[in-house]
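Tertiary structure, described
For reference, the chains in residue letters:
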Amino acid sequence: MFKFIHAADIHLDSPLRGLSLYEGAPVEAIRLAARRALVNLVDLAIEEKVAFVLIAGDLYDGDWRDFNTGFFFVQQAARLREASIPLFLIAGNHDAANKMTKSLRLPENTVLFSSDQPETKRLDSFEVAIHGQSFSRAAVLEDLSITYPHADSSLFNIGMLHTSAGGSGAHERYAPCTLEGLVSKGYDYWALGHIHLRETLCEKPYVAFSGNVQGRHAKETGPKGCLLVTVEDDRSCSAEFRELDVLRWESLLISVTDISSTDCALDLVKTELTKLLEPSQEKPHAIRLELHGRTPVHAELLARKSQMIHDIRAIGIDIGQGKTWIEKVKLSTSAMRTRDNTEAMDGAIQEIELLFSQLRSADGESIVGQLDLDDLLKKLPVELQSMGNFDAPESLAAIVNEAEATLHQKLLSDGAAQ
Amino acid sequence: MRIERLDLLAYGPFTNASLEFAHQQAGLHLIYGPNEAGKSSSLRAITDLVFGFQSRTNDDFLHPYSKLRVGAKLALHDGRTLTVVRRKAAKNTLRDDRDDAAVDEGRLQDQLGSVDRDLFRHMFGIDHQSLRAGGNEMVEGNGRVGETLFAAAAGISKLRSAQKSLLAQAEELFKSAAKTSKIRKLIEEYQELKKQQSESLVSADVWNARDELLKRLQGRQVTLQEVRLELTRRESWIQRVIDSSNPIAQLKQAKSSLEAMKHIPVLPEDFGTQCSRLLDGWRELQNKIDQLDASLEQLDTQVETIEDASHWLSFQTEIEGLLEEFGKHKSAMEDRPKREGERSTMLLRMQNILRDLGLPIETSNIDNLRLPPDKRVRIQTLGNQREGLFEKRQSLQREQSTISTDIEKALSQQKALATTKDWHLLEAKIKQHRADSGLENDLDQIDSEIRLAEAEVNGCLQRLQLNHLGMTELSSASVISDTTLNEFDEQFRLLDKRKAKLVDQIQELESEAARLEHELALIETERTIPSEADLTRLRAERDQGWQLISRLLADETVSESDKQRFLEKANSAKNISDAFSTYLSMTDSLADELRWHADKVTSKARFLADAARNKKKIGKLREDEAQLIHEQQALSSAWKDVWLPVKVEPKSPRQMRDWLGDFESLRKQYREMTVKDIQRTKLTSKVKSLAMEIQALLVDIDANASAEKRSLSELFQFAEDFVDDCIKKQSRYMQIEETLEQDRTRLADCDIELAQAKKEWEQWQADWSAEMQRVRLEKDALPAQANCVLQEVQELFQIQEDYQNLSRRIDGIDRDAADFVHRLKSVANQVLAPSSNRTTEQSIRMLRDGLEVAVKAEEKRKTLDDTRKKQQASRKEISDQRNTIAKNLDELCKQVQCNEYHELPTLVAVAGKKSSVEKEVAELEKHLVTLARNKTLDEFIAAFDAESARFDELPMQLDAIHRDLASNMDEYDRTLQEVKAAKDDLDRIDGSAKSAEIAEKIQTVASEIEDASRETITLRLASSILSKAMEKYRARNQGPVLGLASDYFARMTLQNYRSIQAEFDEQGNPSLVGVRRDGTQVSVGGMSDGTCDQLFLALRLASLEVWLDKHPPIPFVVDDILVHFDEERAQATLKVLHDFSKRTQVLFFTHHEHTLRLAESILVANEFQIVRLPDRQHI
């Protein structure tokens, strides 16, 4: 019986995204999260006395150029060497794009598979054969698994592959392959990388994405880590997920239908946050919070938006014991009664509502055209110009809603008039 | 929708209050409530009713959140009615009329269309602040049409501020030109961080370059090391060749001398040392043996000289024993005479005692005196008892007499304490009424209070001019009520106010008249300006003349008087035609003059007209004033009439309010006084009856205890003291009785004990007499006497015993002395020559001296013997050692083949010389082997011999090598430093997280930029939409709204303005202007504040009316908007509102009674309704 670790997509030193600073935000909690997750990985390997560690691609972030990052990795690999644990790497799309992959001298316990053709490494003491091939360039579009050798039936066979498998979605479609293709090789375990969401494609043989070790933005939610695989003497194996992340991303969708006041909304937020944080109270969290639903206090919520955000962040600080970062607060509520477009729109305020209603059904380009954002965009650094995706339909819809709420608040809430 | 009834069930200050809005077409309702009456609460109640309570409300100060209720009866636009109650809760807040079932919110919302709470508050609500704010905004915005129409339609009074604030906020976030805007600052920070990051990061290329450099430098380092090694090798060889030239020569020489000594035997290395050590040892030991032999001989001679003492020593023990006993013998002989003396003294004493006891002095009689011990004890015991028995009898007799005396005394005391009658009844009474003992004080207190109150009431009556009222009439006297007084006060105040206003108006008109007069005077300073009237008058007179002439021409009769009157008027004319022509020219010149001075004429005409109107107005006002004075008088007389019943001359209602207050407190005082009087009567009778009761009880117990004429408290005190006395006496009697009982018991005990004591005494006397006979004393001898005799006898026996002991001791001494002397003589005769003449002392001395000499001689002989034995043993040991060494020496001699020990040293020296040459050869070879390094010695010497041909060149070669080595070292050091620097450079890439941390900061700033950009876009969009909405609204509604508003505005301004128009201003923007009656245009900036307010109100009403054209009605809630309007315009506005109320219900809240009166003055009764908020005390 022996154990090994299957991890992937470390993206070392890639910073967490979307966290705007605010008073009381747990700045320390997000520091060097990817590095600390890697340290956790090495700690786990040593503690579990694993036979070897597999990293199925994307150790680095593609456009990251600091050689210090490579050295940090070498230091961690050296810790594994001290514990006599071999480390097997394949280069993923990000690694292929990164010069460091070629320049960095790896410790003797670390093996980087060739990108020319599939290679097989044998570990005689465990009767294991590991097959793998690195990406030679960022965009590998052919199915690499086809040329992988067939299993050596006297050994436990592991295939390492950086692939988008059959899926598409948010990840680039690189080195696509089919489950049947993988199974046909007769391997016992396929350690896949590239897709950041953990997923087991098949249990016999075991084919799985371990997901990334640390969520990097609001869309990479939930526990992140690696698979600790136990191989029994009869070559059957089982995988257990182990957390490695140092900061957990969560998305909290709270329905505020039927509440009677903004205070009730805050109470709900408090309850939901407590529920979310309770099982893993110790771990810092970055949370995107969204209030939705038709509610009688829709207008009041929007009118007090900045106060609400402030209050919710304060609740986060309180419940999260200073370790929770409220990344964004989205107010996607709607009024109990929306105005009927067919209604006679002959009042002044109705004129505003009509215009907003027209905006909602207009195409993005015409809205952007109306806004005249050239002066702003011109000043923004090039790489940030597309950052907010302001012209994306979802983004525009949110902006239109917010603009309407802002105007409503300016014109009609207390202090604006009577 | 229309509100028919508003139920303020539990809201703000209201509890179960209702406001009924009487049914009219739609209706104008003036809801009046003074300050604090809850006007604002009722206003809020309408919004809360329609849209539900907000999460926070301030209207819960009386009713808690859960109890808040507001209800209404509503007339719906489909003709039905709906009665609902709104409660504050999370769900189902709209309830049916009995508040027990939810009502579908939709039923209410159907009535409102798209109007929500905010819209309702703005569109359908207006107060004077928002009206004024709307007016101000309009002026600030130069009356821009779009803005103004939009603000009026939405009821937003701060539209411009909102628009400005949106733009300002957006610019605060981002302004292309402003570096201080938030986004610009963030971008700067972002770029700075980027710069830092690029400085801090180390790329793979940099790393590779540094790595290459290091490798190159390390290669050079290795090469230099190799060159140096070769040079060092050569240097070392040459140096060794030079260094070995001397040793090789020496070696060769030593080897040849060794050849010459090859016959000399080789001795062990330590042979010489061993040889000299053995020889030295042998000699030393031989010397020691010789010395010991001489010493032994000397000792033998000394022993022979010592005398023999064996005879003396055989008696040593006996002699020493005698010498020891001699001391004891001597002291016993000295002691014996003393003991003899003591014995004689004892004999004398015994004889004396016998004499004292009256017996013969022979000591042989002593034994007859011996008394058995039990008898002696018995006599002592009896003697001791005597005193006790005697004392006991005496003390019992004394006690018996004391107790008897005590009993007699107690009996006589008891007799003196005669018991009194039963006093318990009295005691109970006192307890029962103890609390009432202070009644007299209360009585005094009330008495003085009543007297004081009477004086005060009388004083008050005097002050209030009510002397004619007796005290008793005071309570029944009727005075006027507060309400009446308030009514009169209000009427007086109103009249005063009206009068003041009239006076102001008159003064104003009079000063206007003065001004007009002054203006007229100014116009006519140069000449009198004719008026149209003058011309008309002149023309009339001219026409009269023409009529006369035409009548004359028609031959009609003309009266002379008419003719004469006409001529008189034209005073210079002689006849009618002249007069007519005079008039004709006068009228012409007057007409000319009028034409020439047309402007002045017009002015004058206007001034005159104004003056006339002014005068008329003053006249009217004077009339009003007279009327007002009349009203005041009527009111004063009514006021006085009201006061007639109490016969008081009233002052002003305000003063009389104080009077009423005083009167009320007087009445109160009087009531209190009456109550106190009743209390006083009750108290007096209570005191009297209580005193009598106690007095009767006292007399009953003790006829002498009369306490008449005492006050109640004194009586209580007396009775209490009396009862206390009785209690004390009884307790004393009981105490004595108890003592008596104890004494009697004690007396009986005493009698028994005394009889017993007497019996014991007699028994003792009998025993004592018997014992006294035994010791030859009288039977009544005292115990002391008996004791004395017993002691004497005892002492006698003691002395007798001591005397016998002493006699035995003296005999022993004598026996011991004889024995000693005998033994001494025997020993002396054996040791010394036998002699009978020697005294004991002499014998002893001679024996002692002789023994001493013998012992000393024996000791000396023993010492010499010991010394000889030791020296003999030592000689044997040394002799053995010498023999061993001799054996070794013999062995050495055998080795070098010699016979005598003294030949050995020479042979050793020759063998040593050979060995040192051998050593030299070995040393040299060793040295040369070192220099030869990896060559054998022979190879080395051969190589040396080969080099020796060029031996002289070697130093020069060495110098050259040294130079090469120095330069190699310099270069090597340099390279080493470069390697270190390159290595440091590479080591600096150590996995540091600096760059990664900056990247994290960059992400945070980027995220902030994104947030701020999004906010900027949002604000810009909001602002842009607002501008568009304004323009669109204007385009759609300008025509109808301005048309309606013009009408309203003209009516509100009493037709001072005829309409409102949109005109382009200097910047080319369409702006609102008011058009005066005469067609002149006035911009909003040129209008007074009040007019602006009216313009904005007109626009608001017009916008609403346009809206109502397409929507079902919703009540319009107005809050005291007329406060800044003058009376006439206020009236006009009320009229406008009335007309507007035909479109939708108007709820006009006010706290000015004046507004109600204005409405009453301008509207007829069925055109409006006044609803009063319930009085606060009735809420």
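As a reminder, the structure under discussion sits directly above these lines.
This report concerns the structure included in the present document. Worth saying up front: this structure is predicted, and the values here are computed from it rather than measured.

We now examine the pattern of salt bridges. Counted under the stated rule, the structure contains 98 salt bridges over all chains. A salt bridge links Arg 81 of chain A to Glu 82 of chain A, with the shortest nitrogen-to-oxygen separation between them at 3.2 Å. Residue class for Arg 81 of chain A comes out partly exposed when judged on its relative accessible area of 31%. Glu 82 of chain A sits in the exposed class, given a relative accessible area of 60%. When the shortest N-O distance is used, the salt bridge between Glu 625 of chain B and Arg 622 of chain B registers 3.2 Å. Residue Glu 625 of chain B and its partner Arg 622 of chain B are both found in helix 21 (residues 598-643); the two are separated by 3 residues, about one turn of the helix.

Residues and elements named next belong to chain B. Tracing the chain through its elements places Leu 322 in helix 12 (residues 316-356). In this structure Leu 322 comes out as buried when scored by relative accessible area, which is 4%. As for Leu 322 and Arg 823, which are separated by 501 residues in sequence, their C-alpha atoms are 8.2 Å apart. If near-sequence neighbours (up to four positions away) are discounted, Leu 322 is found in contact with Phe 820, Arg 823, Leu 824, Val 827 and Ile 844.

Here the focus is unusual backbone geometry. With an omega dihedral of -5°, the bond running from Lys 204 of chain A to Pro 205 of chain A counts as a cis peptide bond. Position of Pro 205 of chain A among the secondary structure elements: in the loop between strand 9 (199-203) and strand 10 (206-209). Non-glycine residue Ala 175 of chain A carries a positive phi angle of around 40°. Counting through the fold element by element, Ala 175 of chain A comes out in the loop between strand 7 (156-162) and helix 6 (179-184). Residue Arg 933 of chain B is not a glycine yet carries a positive backbone phi of 50°.

Much of the literature gives interface size as the accessible area that the parts lose upon coming together. Of the residues lining the interface, 86 residues belong to chain B; the matching set on chain A comes to 79 residues. Here chain B and chain A share an interface that buries about 7500 Å² over both sides, 58% of which is from carbon and sulfur atoms. For the pair chain B and chain A, the interface holds 6 salt bridges. Measuring nitrogen to oxygen at the nearest pair gives 2.8 Å for the salt bridge that ties Asp 375 of chain A to Arg 1020 of chain B. Where chain B meets chain A, there are 18 residue pairs in polar contact (both at pLDDT 80 or more). Here the side of chain B that touches chain A gets 30 residues from one element, more than from any other, and that element is helix 29 (residues 994-1052) of chain B. Of the residues that constitute the side of chain B that touches chain A, the class distribution is 34 nonpolar, 27 polar and 25 charged.

A few words on the packing of aromatic side chains. For the coordinates displayed, the defined rule picks out 35 aromatic pairs over all chains. On the basis of an interplanar angle of 20° and a centroid distance of 4.8 Å, the ring pair of Phe 67 of chain A and Trp 207 of chain B is categorised as stacked. Highlighted residues: Phe 67 of chain A in helix 3 (residues 67-82) and Trp 207 of chain B in helix 8 (residues 204-243), drawn from two different chains. Side by side, Phe 67 of chain A and Trp 207 of chain B carry an identical accessibility label, which is buried. Between the aromatic rings of Tyr 189 of chain A and Tyr 206 of chain A, the centroid separation amounts to 5.6 Å while the plane-to-plane angle is 10°, which identifies the pairing as stacked. Of this pair, Tyr 189 of chain A sits in strand 8 (residues 189-193) while Tyr 206 of chain A is found in strand 10, placing the two residues 17 residues apart along the sequence. Of the aromatic side chains, those joined through ring pairs into one cluster are Phe 2, Phe 4, Phe 52, Phe 88, Phe 113, Phe 126, Phe 156, Tyr 189 and Tyr 206 of chain A. Seen from the ring of Tyr 972 of chain B, Arg 228 of chain B lies directly overhead, with NZ or CZ sitting 4.9 Å from the centre. The ring of Phe 607 of chain B has Arg 606 of chain B sitting right over it, with the charged end atom 5.6 Å from the ring centre.

Thresholds applied
- Residues numbered from 1 in each chain as written.
- Chains lettered and ligands numbered in written order.
- Predicted model: local features only at pLDDT ≥ 70, side-chain atom pairs only at ≥ 80, totals over all residues.
- Heavy atoms only, no water.
- Salt bridge = Lys/Arg side-chain N within 4 Å of Asp/Glu carboxyl O.
- Buried < 20%, exposed > 50% of the residue type's maximum accessible area, 1.4 Å probe, protein only.
- Helix = DSSP H or I, 4+ residues; strand = E, 2+ residues; numbered from the N terminus.
- Contact = heavy atoms within 4.5 Å.
- Buried area = accessible area lost by both parts, 1.4 Å probe.
- Polar contact = N/O pair within 3.5 Å; in protein donor to acceptor, adjacent residues only side chain to side chain.
- Nonpolar A, V, L, I, M, F, W, Y, C, P; charged D, E, K, R; others polar.
- Phe/Tyr/Trp six-rings, centres within 6.5 Å; stacked < 30°, edge-to-face > 60°.
- Lys NZ or Arg CZ within 6 Å of the ring centre and 35° of its normal.

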